[in-house]
Amino acid sequence: MSSDAYNSGRNAGGHIDNGHIAGFEVPIHGSLGAPILLGGAPRGIAILNGTLAAAIGLGLQQWIAGIVIWAVGHSVAVFAARRDPAFASVLIRHLRQRSYLSC
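1. Comments concerning the confidence of the model for the protein chain
In the predicted model, the protein chain carries a mean pLDDT of 84, and the fraction of residues at 70 or more is 81%. Mean pLDDT across the elements of the protein chain bottoms out in helix α1 (residues 3-7) (49) and peaks in helix α3 (residues 63-83) (97).

See the structure below:
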């Protein structure tokens, strides 16, 4: 094969062209890369927040305190998730590596 076949930009016979191999490209649905959110908050934080609020509201029979904790916690989680959907994992990593990254 001549060198023109490699430089032409065409993908003939399964050759690699611009880092892609013919027949090995698959469209990926957008939801596979999107974060999993419940009501705008990360799933794990929303479940933890709801469980804590339910324990206070139902278990301790402090209804108003449970509702306030849920509303404030969920609002903070939604605000943080709008800035960075992966804030929870970043925060956990920061807390674990605090002494490693200190000056």
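2. Looking at the nonpolar core
Among the nonpolar cores identified, the biggest contains seven residues, and these are Ala41, Ala46, Ala77, Val78, Ala80, Ala81 and Phe87. With four residues, α3 is the single largest residue contributor to this core. Excluding residues that lie within four positions of it along the chain, valine 78 makes contacts with Gly39, Gly40 and Ala41.

3. As for helix α2 (residues 43-59)
Between its first and last C-alpha, α2 extends 23 Å over 17 residues, near the 24 Å set by a 1.5 Å rise per residue. Among all positions in α2, only Ala46, Asn49, Ala53, Ile56 and Gly57 are buried. Buried residues of α2, viewed axially, fall in a sector of 105°; they line one side. For α2, exposure combined with an orientation more than 90 degrees from the buried face picks out Leu48, Leu58 and Gly59. Positive phi appears at glutamine 61, one or two residues downstream of α2, with a value of about 55°.

4. Side note on the side chain of asparagine 49
Mapping asparagine 49 onto the fold places it in helix α2. Ignoring any residue separated from it by four or fewer positions in sequence, one finds asparagine 49 in contact with Ile69, Trp70, Gly73 and His74.

5. Concerning α3
For α3, with 21 residues, the first-to-last C-alpha span of 31 Å sits near the 30 Å given by 1.5 Å per residue. Along α3, the positions that sit buried rather than exposed are Gly66, His74, Ala77, Val78, Ala80 and Ala81. End-on view of α3: buried residues confined to an arc of 165°, all on one side of the axis. Those residues of α3 that are exposed and angled more than 90 degrees off the buried face are Ile64, Val72, Val76, Phe79, Arg82 and Arg83.

The rules we used
- Numbers given for residues are sequential positions, taken from 1 along each chain in its written order.
- Restriction of local features to residues with pLDDT of at least 70 applies here, the model being predicted, together with a cutoff of 80 or more for giving and counting side-chain atom pairs; totals for whole chains, interfaces and linings are based on all residues.
- Side-chain measures here rest on the full set of heavy atoms in the structure, leaving out hydrogens and waters.
- Values of pLDDT, ranging from 0 to 100, describe the predictor's confidence in every residue of the model.
- Numbered from the N terminus, helices here are DSSP runs of H or I no shorter than four residues, and strands are runs of E no shorter than two.
- To qualify as a nonpolar core, a set must consist of buried Ala, Val, Leu, Ile, Met, Phe, Trp, Tyr and Cys residues joined through side-chain atoms within 4.5 Å.
- Throughout, exposure labels follow a simple rule: accessible area from a 1.4 Å probe, protein chains only, divided by the maximum for the residue type, with under 20% read as buried, over 50% as exposed, and the rest as partly exposed.
- Contact between two residues is taken to exist if any of their heavy atoms lie within 4.5 Å; hydrogens are not considered.
- Helix span, as expected, comes to 1.5 Å for every residue beyond the first.
- The directions from the helix axis to the C-beta atoms are what the arc is built from.

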